[in-house]
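Chains, contacts and geometry: an overview
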Number of protein chains: 2
Amino acid sequence: MKPALMTQKISDAILTMRKSERKVAEFVLAHPADIIHMRIVDLAKRAEVSEPTVVRFCRAIGCEGFQDFKLNLAQQLAASPSFGQIAVTDEDTVADYSHKVFDSTVDTLLKVRDSLNPEIMDRAVNALCNANRVEFFGFGASGAVAADAQHKFFRLQLATAAYSDHHIQHMSAMSMKPGDVVVAISQSGRTEALINAIEVVRSVGGIVIAIAPSGSPVIQKASIPIEVNVEEDIEIYTPLSSRIAHLVVIDVLAIGVAKHKGPKLHDHLFRLKQGLRKLRVNNER
Amino acid sequence: MKPALMTQKISDAILTMRKSERKVAEFVLAHPADIIHMRIVDLAKRAEVSEPTVVRFCRAIGCEGFQDFKLNLAQQLAASPSFGQIAVTDEDTVADYSHKVFDSTVDTLLKVRDSLNPEIMDRAVNALCNANRVEFFGFGASGAVAADAQHKFFRLQLATAAYSDHHIQHMSAMSMKPGDVVVAISQSGRTEALINAIEVVRSVGGIVIAIAPSGSPVIQKASIPIEVNVEEDIEIYTPLSSRIAHLVVIDVLAIGVAKHKGPKLHDHLFRLKQGLRKLRVNNER
DNA sequence: AGATTTTTGTAGTTTTCCTACATACAGCGA
DNA sequence: TCGCTGTATGTAGGAAAACTACAAAAATCT
């Protein structure tokens, strides 16, 4: 049903292929974007094989035929822009690099989406729903993420706070009650101060939901580890997409909590919105 | 070259179409996902027109023919998942709604990407590069965005600050010098306090870059208006994607500034990273 | 080296898409 | 209202693309 990862499939299947089919596979992997505007004869010629071989290749990777293959490939190309060049170069115009920044962000989000573990997310939502208190800890860029999260969960009628200060985190952590939740957010997963705070929270019986890269200390020490891996080419010209991935993960948690809380939340949010209008000019809408 | 927004194009062109072509257009907009697996005859039959009409329709919206149209549509479908249902329902499992949240975010980003005006972005980048001081103003959720922006630009060796407090904004605004820049961020574009602050900044000769919805007062009062329109179905179960769009727009600006500043920035960022390592456990990498 | 199996290409068939043309419809002036 | 002109739509036929059956070539095994 879904386009899935065509190129992945090809790479996998390439080993079990016959020589001439492999030629096709290699050509496709080398010039994925060109294929879309090719006919079967063009591809056959450029891969130096015959037409039926191309058809057999399409079947070999699970497509109906050449048309179907082209369509699926087109979808994959559109879905993950990472096949275009994503790194920003010095010659790029504004339009170029603005496209690239958006595309790489989208690419990151799609990857994170597919790597999330639903079971872990479910546990996180449950923990958040049952907590009396929910706090968000993060430093640096993750501090802003924590602030955003606090703002979001605050609207869901939860007692929340966000701290970017080590000492305050520490003090707050010590006063946690069993069942209370801290969401620890980190891009590196190695920030020492954050790890300390996590240990304190757990020692007093609090639950720690971590949003950090796989295998990092923050993930290892957490009760509910949400692993988010973003290859940070920390090249200067590459934007940090991980913050954004973290924000969206938190959005998912927020939606989960909202679902659990059910309709009584509607009224609350409605009243909130009414109140906000007074702070705006032009009270229509 | 690019897939662009097919459905958008169709909606636009539908007015200038003849009756029977319009039938096709309406069917396509109603069942976009089905088209991909249809042949020209199928579509003709279901739209109750003849085959050549379908071909004419394809030409009318700028495609080579039916094949080309199908391909472009497939790309758009893969790229913007919004054509699947995006609203979260009560029956959704964790996996379901987590997918939806990511997809709707991606969808928002792609729309914003295609609607950005490069010329305006260029002006914004130039203003930022020439400023002695750059400040970010925002309230509520946009406050977190401002904080994130501050963190980001701070790394680019600019004198920056982010304020979410009306009084402090006001005071800071009054001390602006000509050429200094304030980036005003707002989801509604109507927050009264923010509009006041903008007026003050402009009265002392400061430049205001606004990130807000088209036509809103914030945009109208700005020197450099970056229009970002996100349909906020402010349904409870729909996440607010506009924050994220704003963040990415700011990423673009940051990349632009980094490009202008050129290589001397490399050293600075490198030293910053070195320094951060000391705050982490496991100093490898 | 010969026989068998596997792999690849040739030639032909079918399907799909597109174009030329004819008919039907709508708008306008008398 | 009628006829004329121009546009809009469908019919039928032709071109091209994709797919299939079969035969030749290569590789493998005995």
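The structure contained in this document is the topic of the report that follows. Nothing here was measured: the structure is a model prediction, and the numbers come from that model. (Residues numbered from 1 in each chain as written. Chains lettered and ligands numbered in written order. Predicted model: local features only at pLDDT ≥ 70, side-chain atom pairs only at ≥ 80, totals over all residues. Heavy atoms only, no water.)

Structural notes on helix 4 (residues 40-47) of chain A
All names here are of chain A. Of the positions making up helix 4, those classed as buried are Leu43, Ala44 and Ala47. Down the axis of helix 4, the smallest arc covering the buried residues is 100 degrees, so these residues share one side. Looking one or two places after helix 4, you find Glu48, whose phi comes out positive at around 60 degrees. (Buried < 20%, exposed > 50% of the residue type's maximum accessible area, 1.4 Å probe, protein only. Helix = DSSP H or I, 4+ residues; strand = E, 2+ residues; numbered from the N terminus. Arc of directions from axis to C-beta.)

Considering the protein's contact with DNA strand D
For DNA strand D, the set of nearby residues contains 17 residues, the closest of which are Arg39(A), Ile40(A), Phe66(A), Arg18(B) and Ser20(B). Within 4 Å of the protein, atoms of DNA strand D come from sugar and phosphate in 73% of cases. Between Ser50(B) and DNA strand D, the recorded distance is 3.3 Å, taken from a side-chain N or O atom to a phosphate oxygen. Taking Arg56(B), its side chain carries an N or O atom lying 3.3 Å from a base nitrogen of DNA strand D. Within the residue set of the surface near DNA strand D, elements represented by two or more residues are helix 5 (51-60) and helix 6 (66-79) of chain A together with helix 2 (19-30) and helix 5 (51-60) of chain B. Residues that form the surface near DNA strand D fall into these classes: five nonpolar, five polar and seven charged. (Near = heavy atom within 4 Å. Polar contact = N/O pair within 3.5 Å; in protein donor to acceptor, adjacent residues only side chain to side chain. Nonpolar A, V, L, I, M, F, W, Y, C, P; charged D, E, K, R; others polar.)

Description of helix 10 (residues 166-174) of chain B
Residues and elements named next belong to chain B. Within helix 10, burial applies to Gln169, Ser172 and Ala173. Seen along its axis, helix 10 keeps its buried residues to an arc of 100 degrees; they face one direction. For helix 10, the exposed residues lying more than 90 degrees away from the buried face are His167, Met171 and Met174. Buried residues along helix 10 sit against strand 1 (134-138), strand 2 (160-163) and helix 11 (192-203). Of the residues flanking the start of helix 10, the one acting as N-cap is Asp165, its side-chain oxygen 2.8 Å from the backbone nitrogen of His167. (Contact = heavy atoms within 4.5 Å.)

Thoughts on the nonpolar core
Burial of nonpolar side chains together is a common tendency in soluble globular proteins. Phe153(A), Ile226(A), Phe153(B) and Ile226(B) are the most contacted members of the largest nonpolar core, which totals 90 residues. Other than its neighbours up to four places away in sequence, Ile226(B) contacts Leu116(B), Ile120(B), Met121(B), Ala124(B), Ile209(B), Ala210(B), Ile211(B), Ala212(B), Ile219(B), Val249(B) and Leu253(B). (Core = buried A, V, L, I, M, F, W, Y, C linked by side-chain atoms within 4.5 Å.)

Concerning the environment of Met171(A)
Along the polypeptide, Met171(A) turns up in helix 10 (residues 166-174). Separated by 26 residues in sequence, Met171(A) and Ala197(A) place their C-alpha atoms 9.1 Å apart.

Quick look at the pattern of salt bridges
Residues and elements named next belong to chain B. The final tally for this structure, using the stated rule, is 20 salt bridges over all chains. Glu199 is the salt-bridge partner of Lys221, the closest N and O atoms lying 2.6 Å from each other. Of the two residues, Lys221 sits in helix 12 (residues 217-221) while Glu199 sits in helix 11, which places them 22 residues apart along the sequence. Assessed through its relative accessible area of 37%, Glu199 is described here as partly exposed. (Salt bridge = Lys/Arg side-chain N within 4 Å of Asp/Glu carboxyl O.)

Points about unusual backbone geometry
Of note, the phi angle at Gln157(A) is positive, near 60 degrees, even though the residue is not glycine. Assignment of secondary structure puts Gln157(A) in the loop between helix 9 (141-154) and strand 2 (159-163). Residue classification places Gln157(A) among the partly exposed residues on the basis of a relative accessible area of 42%. The phi dihedral of Glu48(B) is positive, around 60 degrees, even though this residue is not glycine. Positionally, Glu48(B) belongs in the loop between helix 4 (40-47) and helix 5.

Some remarks on the protein's contact with DNA strand C
Inspection of the region around DNA strand C gives 16 residues, with Arg18(A), Ser20(A), Arg39(B), Ile40(B) and Arg59(B) positioned closest. Of all DNA strand C atoms lying within 4 Å of any protein atom, the proportion belonging to sugar or phosphate reaches 72%. Take Ser50(A): an N or O atom from its side chain is 3.3 Å from a phosphate oxygen of DNA strand C. Within the contact set of DNA strand C, a phosphate oxygen lies 2.4 Å away from a side-chain nitrogen or oxygen of Arg39(B). Of all elements in the fold, only helix 2 (19-30) and helix 5 of chain A together with helix 5 and helix 6 (66-79) of chain B reach the threshold of two or more residues within the surface near DNA strand C. Among the residues making up the surface near DNA strand C, the classes are represented as five nonpolar, five polar and six charged.

Focus: the sheet that holds strand 4 (residues 207-212) of chain A
All names here are of chain A. One open sheet accounts for five strands, arranged 2-1-3-4-5; its pairing is parallel. Two strands close off the open sheet at either side, each with one partner strand: strand 2 and strand 5 (224-227). The mean angle between the axes of side-by-side strands here comes to 15 degrees, regardless of whether they run parallel or antiparallel. With five bridges connecting them, strand 1 (residues 133-137) and strand 2 associate as parallel partners. Counterpart to Phe137 in the pairing with strand 2 is Tyr163. Against the sheet, helix 8 (residues 118-130) engages strand 1, strand 3 (181-185), strand 4 and strand 5, with an angle of about 130 degrees to strand 5. (Pairing = 2+ DSSP bridges. Axes fitted to C-alpha atoms, helices over the stretch in contact; angles between N-to-C directions.)

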